[in-house]
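Per-entry structural report
Residue strings, one per chain:
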Amino acid sequence: ILTFVAVFVLFISYLILPNFYNQSDISNELKSQFKNKLGLNLKFSQNIKYNFFPRPHFTTTDASIIDNQKEISKISKLKIFVTFDNLLSIKNIAVSDVILENANFDINLENYNFFLEILNQSFKNVNLTIKNSNIFFKNLNNEVLFINKVLKIKYYFDDKELKNIFYSENEIFNIPFSIKSFFSQDKKSASS
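Please read all numbers here as calculations on a predicted model, not as lab measurements.

1. Re the overall build of the protein
Scanning the protein for helices and strands turns up three helices and ten strands. N-terminal to C-terminal, the α/β element order of the protein is α-α-β-β-β-β-β-α-β-β-β-β-β. Principal-axis analysis of the C-alpha atoms gives the protein an extent of 65 × 40 × 30 Å. Relative to its full complement of 192 residues, the protein shows a buried share of 38%. A fraction of 48% describes how many contacts in the protein between residues 6 or more apart in sequence connect residues 24 or more apart. Accessible surface for the protein amounts to roughly 11,400 Å². Of this, 54% is attributable to carbon and sulfur atoms.

Set out below in structure tokens:
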């Protein structure tokens, strides 16, 4: 029984270790991994909280995505899941899944292919999911042309076919539609 209790205490101690890391170190490491793995510049405006249930992850509110020095997305809730291994050092933490919830994206003529450009990144080690969000399509005068309601967007890597998959369930003018697109390793694209 003592061995079981000791192992359990060590395991829980290992899981809660990221609570003691410096906030700026966590923020810098997560931004760096977000940039390296997804090619996106992330900005946090609130403190990052850590939770190990149901899987180890960091949560923040009021984050944003920057593209060409312009804010193109405001995110109400951001969850960044990390792997169980390497929690002993902030430098060795590896991001495995990213979930953006209640985000608003401002898309215009300059950045209209933002969602498809993300497919150029490798999703072998990380999945990106966007839930319950809105895409505001704007003209050059910053006027909203129409709003695309995003029910769910998922970026992931298909191990069997060796390609990045983009799947999206949307709604425009109360008309539901879905999009599926992919880039294979030879960079040929197909959509349906």
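2. Description of the pairing of strand E6 (residues 127–138)
A regular strand carries its side chains on alternate faces of the sheet. Here nine bridges tie strand E5 (residues 95–107) to E6, and the two strands are oriented parallel to one another. In the strand pairing of E6, asparagine 104 is matched with asparagine 134. Counting the residues that bridge the hairpin from E6 to strand E7 (residues 144–158) gives five residues, and of these asparagine 142 lies at a positive phi of roughly 65°.

3. A few points about unusual backbone geometry
Following phenylalanine 53, the chain continues to proline 54 via a peptide bond in cis, the omega torsion being 0°. A positive phi angle is found at asparagine 102, which is not glycine, with a value near 50°. Relative to the helices and strands, asparagine 102 resides in strand E5. One non-glycine residue, asparagine 142, adopts positive backbone phi at about 65°.

4. Describing the side chain of serine 168
Assignment of secondary structure puts serine 168 in strand E8 (residues 163–172). Among the polar contacts made by the side chain of serine 168, one reaches the side chain of asparagine 170 at a distance of 2.6 Å.

5. Comments concerning the environment of asparagine 92
Residue placement: asparagine 92 occurs in the loop between strand E4 (70–82) and E5. Exposure remark for asparagine 92: the relative accessible area of 43% places this residue in the partly exposed category. The spacing of asparagine 92 and isoleucine 153 is 61 residues in sequence and 28 Å in space, taken between C-alpha atoms.

Reading guide: rules and limits
- Residues numbered from 1 in each chain as written.
- Predicted model: local features only at pLDDT ≥ 70, side-chain atom pairs only at ≥ 80, totals over all residues.
- Heavy atoms only, no water.
- Helix = DSSP H or I, 4+ residues; strand = E, 2+ residues; numbered from the N terminus.
- Buried < 20%, exposed > 50% of the residue type's maximum accessible area, 1.4 Å probe, protein only.
- Contact = heavy atoms within 4.5 Å.
- Areas by Shrake-Rupley, 256 points an atom, 1.4 Å probe, with all protein chains shown as cover.
- Pairing = 2+ DSSP bridges.
- Polar contact = N/O pair within 3.5 Å; in protein donor to acceptor, adjacent residues only side chain to side chain.

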